[in-house]
Each structure stands twice: as structure tokens, then as C-alpha cells.
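Working through the structure, step by step
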Amino acid sequence: MSALEDITHIKERLARKNHFPGTSGNLGIRIDENSLYVTTSGVDKYETTDSSFVKVDMKGHAIDTDLVPSLETVLHLKVFTQSAANASIHIHTVANNVISELYGKQGYIEFSNQELIKAFGLWQESDVLRIPIIENPADVTVLAELFGKHVNHDSGVVLIRNHGLNAWGKSTQEAYKLFEAAEFLFQYYLQLAAAKQYINLKER
């Protein structure tokens with residue numbers, strides 16, 4: 001499977017779950033050491049066309065096309081220049097935006113004693129998953145610098161406050177797995193908090 005086929009498959013998988021509201025979200029995949037595919041700016045990601053992805057160099061400049069790469073290509077470039085990862089996913093959901101706002105001032109959220117943290121290679125009972133939360137400056141170059149401080153491994157996830165989640169890995173499957181596991185944990189936490197509040201109100 002080519003890099004373009006691979007990232008298209010993941011885009012369509014995410015689309016089936018309605019993860020691209022209002023043309024939001026973007027994806028990147030490494031082609032080689034000098035280039036990558038990223039989603040085209042402003043396109044409807046629920047459809048796949050010849051304009052869905054644009055080939056760019058490692059400075060984010062489009063190669064042999066007039067298509068405009070996603071503004072957040074700078075985030076994917078941080079992943080591909082600072083790690084050996086080959087795939088990068090940036091997705092906005094209600095759950096990850098709410099979690100990022102609730103814990104934004106703290107700068108991270110932690111999960112423990114949850115089965116899904118095993119997706120991150122955490123298998124011991126004492127293990128704790130810490131997901132960083134960074135601020136969301138309007139200047140994407142500043143955002144990229146904040147994000148890059150947390151790209152220290154070949155796979156991982158970072159929340160951007162009120163902006164979405166970035167997940168990356170050595171393959172599209174690994175990046176998707178981390179995104180999906182993180183989303184499960186966010187939704188679990190929010191539903192658990194709501195249930196506890198409901199129970200507390202009933203017991204008053």
C-alpha cells in the first residue's frame with residue numbers, strides 16, 4: 001500500500017465516525033525523508049478526491065501543485081522532523097475540547113487504573129498516562145514550538161486547548177490506535193463525572 005493509499009484509508013475511517021466537522025482536522029504521512037502528504041486546506045474530508053491531499057516538502061511547501069496544504073502542516077512537520085514517526089493525526093472532538101478546557105490551566109490530564117492506557121504501552125498497575133495540554137496561540141508557528149516540546153518519542157498524543165488532539169505513531173494504525181484510546185478515556189471521564197454529579201444530587 002502506498003503512503004497516499006494508507007492515509008486515505010485512515011481519513012475514510014475517521015470520516016465514517018464523523019470526525020471532520022466543518023472541514024476541521026487534518027492528517028499527515030511521511031513519504032520519504034524529503035516529503036509528506038497532508039490534507040488540503042479547507043476541503044470536505046468526508047469525500048475523497050484528487051484534491052484531498054497535497055504533497056509538500058519538509059518546509060511545508062507544496063510540490064508541483066497549486067493546492068494549499070493545511071495551515072497545521074507545521075504540527076505534522078514537528079512530528080516528522082523530531083521523531084521516526086510516519087503518521088500524524090489532528091482531530092477535533094467535543095470530548096477532547098472539553099477535557100482540554102477543564103485541565104488547560106493544569107497543563108495535563110492523567111489516567112490510571114484504566115484498561116485503555118495499555119494502548120500507550122502502560123501495563124503495570126502503578127502506571128499513569130499523562131497527556132500534555134498546550135495553549136492555542138493564533139500564530140501557528142508559536143503553536144508548533146509549544147507542540148514540539150512534547151514530541152520526544154516516536155508515538156504519542158498532545159491536547160491543544162480548545163483545538164483538538166494530535167496523535168502520532170510509526171504507522172497510521174498506531175496513530176489511530178492512540179487517538180481512539182485517548183478519545184475513549186476522555187469520554188469515559190466526562191460520563192463518569194456527570195454520573196457522579198447526578199448521584200450526588202439525588203443523595204442530597
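Described in the following lines is the structure provided in the data block. All figures in this text were calculated on a predicted structure; none of them were measured in a lab.

Moving on, we get to the layout of surface pockets. One water molecule sets the probe size; rolling that probe over the atoms shows where empty space is left. If you add up the space inside the largest pocket, you get close to 300 Å³. Taken together, 16 residues make up the lining of the largest pocket; nearest its centre are Arg130, His153, Ser155, Gly156 and Val157. Residue assignment for the lining of the largest pocket shows that the elements contributing at least two residues are strand S6 (128-134), strand S7 (156-160) and helix H5 (172-203). Its residues assigned to classes, the lining of the largest pocket shows eight nonpolar, five polar and three charged. Taken together, Leu4, Thr8, Tyr37, Thr48, Thr49, Asp50, Ser52, Phe53, Val54, Lys55, Thr65 and Leu67 form the lining of the second largest pocket. Every element with two or more residues in the lining of the second largest pocket is listed here: helix H1 (3-16) and strand S3 (53-57). Top contributing element to the lining of the second largest pocket by residue count: S3, with three residues.

This paragraph deals with the environment of Lys177. The residue Lys177 is located in helix H5 in this model. Here Lys177 falls in the partly exposed class, since its relative accessible area comes to 40%. Linking Lys177 and Lys105, residues 72 residues apart in sequence, is a C-alpha distance of 27 Å.

About the thresholds
Residues numbered from 1 in each chain as written. Predicted model: local features only at pLDDT ≥ 70, side-chain atom pairs only at ≥ 80, totals over all residues. Heavy atoms only, no water. 1 Å grid on protein atoms, 1.4 Å probe; cavity = no way out; pocket = protein on both sides within 12 Å on 5 of 7 lines; lining within 4 Å. Points joined across faces, edges and corners; volume = space filled by probe spheres on them. Helix = DSSP H or I, 4+ residues; strand = E, 2+ residues; numbered from the N terminus. Nonpolar A, V, L, I, M, F, W, Y, C, P; charged D, E, K, R; others polar. Buried < 20%, exposed > 50% of the residue type's maximum accessible area, 1.4 Å probe, protein only.

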